[in-house]
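Here are the chains, one letter per residue:
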Amino acid sequence: MTMTKQALRVARMFDGERLVDGGVLVLLADGRITDVHRGRAEAPAGWPVREEPNGTLLPGLVDAHVHLCADAAPDALGRLAERPEADLDGVVEASLRTHLAAGVTTVRDLGDRRDAVLRWRGRGVRDDLPTVVASGAPLTSVGGHCWSLGGEASGVDGVREAVRRRAAAGADLVKVMASGGVFTPGTDTTRPQFTDGELTATLTRAHELGLPVTAHAHALSAVEQALRVGVDGIEHCTCVTPSGARVPGDLADRLARSGVAVCATLGTDPAVVTPPEVVAMAARAGLSEAALRDGVATLHRAGVRLVAGSDAGLGPAKPHGILPETLVEYVACGIPATAALASATSVGAEVCGLARRKGRIAPGFDADVLIVDGDPTSDIRALRRPLAVYRAGQPVG
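Residues numbered from 1 in each chain as written. Predicted model: local features only at pLDDT ≥ 70, side-chain atom pairs only at ≥ 80, totals over all residues. Heavy atoms only, no water.

Student: Is there a simple way to explain the nonpolar core in this structure?
Tutor: In globular proteins that are soluble, nonpolar side chains generally tend to be buried together. Core analysis: the largest hydrophobic core is formed by 94 residues, its most contacted members being I234, L255, L299, L327 and Y330. Here this core gets 6 residues from one element, more than from any other, and that element is helix 5 (residues 220–229). Setting aside residues no more than four positions away along its own chain, Y330 makes contact with A264, L266, V296, V307, A308, I335, A340 and S343. L8, V24, I361 and A367 belong to the second-largest nonpolar core, a separate cluster that totals 16 residues. (Core = buried A, V, L, I, M, F, W, Y, C linked by side-chain atoms within 4.5 Å. Buried < 20%, exposed > 50% of the residue type's maximum accessible area, 1.4 Å probe, protein only. Helix = DSSP H or I, 4+ residues; strand = E, 2+ residues; numbered from the N terminus. Contact = heavy atoms within 4.5 Å.)

What follows is the structure in structure tokens.
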């Protein structure tokens, strides 16, 4: 890949933590950010300059919860069991291109089919596509949520062996289905899928092998269990009970004190009408839009460490590249725009284990950057208007 030098001059910059206004010049070379100048600085001689007088420069976004093997068609995860293996590489690459066009330069895949994403990634580094952090097939109980993806395990010895296999396959983390899920018939979103002993064994073995553990948890009892055991992350955290979904204030306080990263997976395509059968499934699980937003608002008020992830790929309302809508939803829940942006940049990079390389605009960091039209700290919807995306210092598209 031929490396080039590029200077970017914009009106303002979100550096991963805060807004820097009054003009910024950022220099990219050899895949890295080499310098950041505030004010009206001049580019070095011979450097091409891209000017965006109303643009905001941000670190490339991090989507911390995607399913790259899923093509966002109806029942995308369910249909993976029958999908030919030869098709999956094409689906993964198409999914990644869509993310990149939306300004997402890093994704965390939390559930493929039988380690297909890990095998795809193992065939070589692709600087023309987003960086991929991946769990492989999610660890689930026998017949549990997403069992058809190939991650069934039971008993202490069974889950320890399942974790060992994921480490051997090159996984960056372990995803465990601590409760049932909406899209797997016969599973229960109100109850845990594993015993405390099994979940503890999963965590202990993963940490022995240097892997963090994040737990899919819809059930209130599963969230409580995950917190009790000490997982590193919780996906969804909707706190479903037989009477509905609500995040108790005292639980939110304990989650905040623990420092666990919570990925609430909000965000849908506003142009897509959710099919009645999906609405009915969610209603049966107690997962109304109002309940989900109220839960995220409660988590934010308590100071829970929130990371941004979209659950992209699950269906037509959850296409790849939908992360900007996740952040629009976060702001609608009362989260300040700067905190929402941090959840998808510096915090996302940290949760993905990439805090030294990604998620910030600073010298030495990867030249994965996004320019949007307008100021997303005053109107988060500016993320819907990307002007330019650079991956490893190269313009996309």
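Student: I'm lost on the side chain of R391 in this one. Help?
Tutor: Position of R391 among the secondary structure elements: in strand 16 (residues 386–391). A residue is classified by how much of its surface remains accessible, and R391, at 6% relative accessible area, is buried. Polar contacts involving the side chain of R391 include one to the main-chain carbonyl oxygen of L129, which spans 2.8 Å. With residues up to four places along the chain from it excluded, the contact list for R391 reads L100, T105, R126, D127, L129, P130, T131, K358, A367, D368 and V396. (Polar contact = N/O pair within 3.5 Å; in protein donor to acceptor, adjacent residues only side chain to side chain.)

Student: Any chance you could explain the layout of surface pockets here in plain terms?
Tutor: A probe as big as a water molecule, rolled over the atoms, marks out the empty space that is left. Here the second largest pocket is characterised by a volume of approximately 380 Å³. Surrounding the second largest pocket, 23 residues form its lining, V125, D127, T131, R357 and R391 being those nearest its centre. Take the lining of the second largest pocket: its biggest share by element is 3 residues, from strand 8 (residues 131–134). For the lining of the second largest pocket, the per-class residue count stands at 10 nonpolar, 3 polar and 10 charged. (1 Å grid on protein atoms, 1.4 Å probe; cavity = no way out; pocket = protein on both sides within 12 Å on 5 of 7 lines; lining within 4 Å. Points joined across faces, edges and corners; volume = space filled by probe spheres on them. Nonpolar A, V, L, I, M, F, W, Y, C, P; charged D, E, K, R; others polar.)

Student: Where do I start with the pairing of strand 6 (residues 61–66) in this structure?
Tutor: On a regular strand, each side chain points to the face opposite its neighbour's, so the side chains alternate between the two faces of the sheet. For strand 6, a buried count of 6 out of 6 residues is recorded, marking the element as mostly surrounded by other parts of the structure. For strand 6 and strand 7 (residues 104–109), the ladder comprises 4 bridges, and the chain directions are parallel. Across the sheet, residue L61 finds its bridge partner in strand 7, namely V104. Note on the crossover from strand 6 through helix 1 (residues 85–101) to strand 7: the handedness is right-handed. (Pairing = 2+ DSSP bridges. Right-handed = clockwise from strand over helix to strand, strands pointing away.)

Student: Just to check I follow, could you spell out the pairing of strand 4 (residues 32–38) for this structure?
Tutor: Across 6 bridges, the pairing between strand 3 (residues 24–29) and strand 4 is antiparallel. The partner of V26 across the bridge, within strand 4, is V36. Where strand 3 hands over to strand 4, the hairpin turn is made up of 2 residues, of which D30 adopts a positive phi near 50 degrees.

Student: Sorry if this is basic, but what is going on with the side chain of T184 here?
Tutor: With respect to the helices and strands, T184 occurs in the loop between strand 9 (174–177) and helix 4 (196–208). At 3.0 Å, the side chain of T184 and the backbone nitrogen of C146 are in polar contact. Each residue touching T184, except ones within four places of it in the same chain, is listed here: G144, H145, C146 and W147.

Student: What is the right way to look at the sheet that holds strand 8 in this model?
Tutor: Adjacent strands of a sheet form backbone hydrogen bonds with each other and so pair up, either parallel or antiparallel. One open sheet accounts for 3 strands, arranged 6-7-8; its pairing is parallel. Both outer strands of the open sheet, strand 6 and strand 8, are each paired with one neighbouring strand and no more. The average undirected angle you get between the axes of adjacent strands in this sheet is 20 degrees. One ladder, built from 4 bridges, connects strand 7 with strand 8; its direction is parallel. What sits directly across from R108, in strand 8, is V133. This element, helix 1, spans strand 6, strand 7 and strand 8 of the sheet and lies at about 135 degrees to strand 7. (Axes fitted to C-alpha atoms, helices over the stretch in contact; angles between N-to-C directions.)

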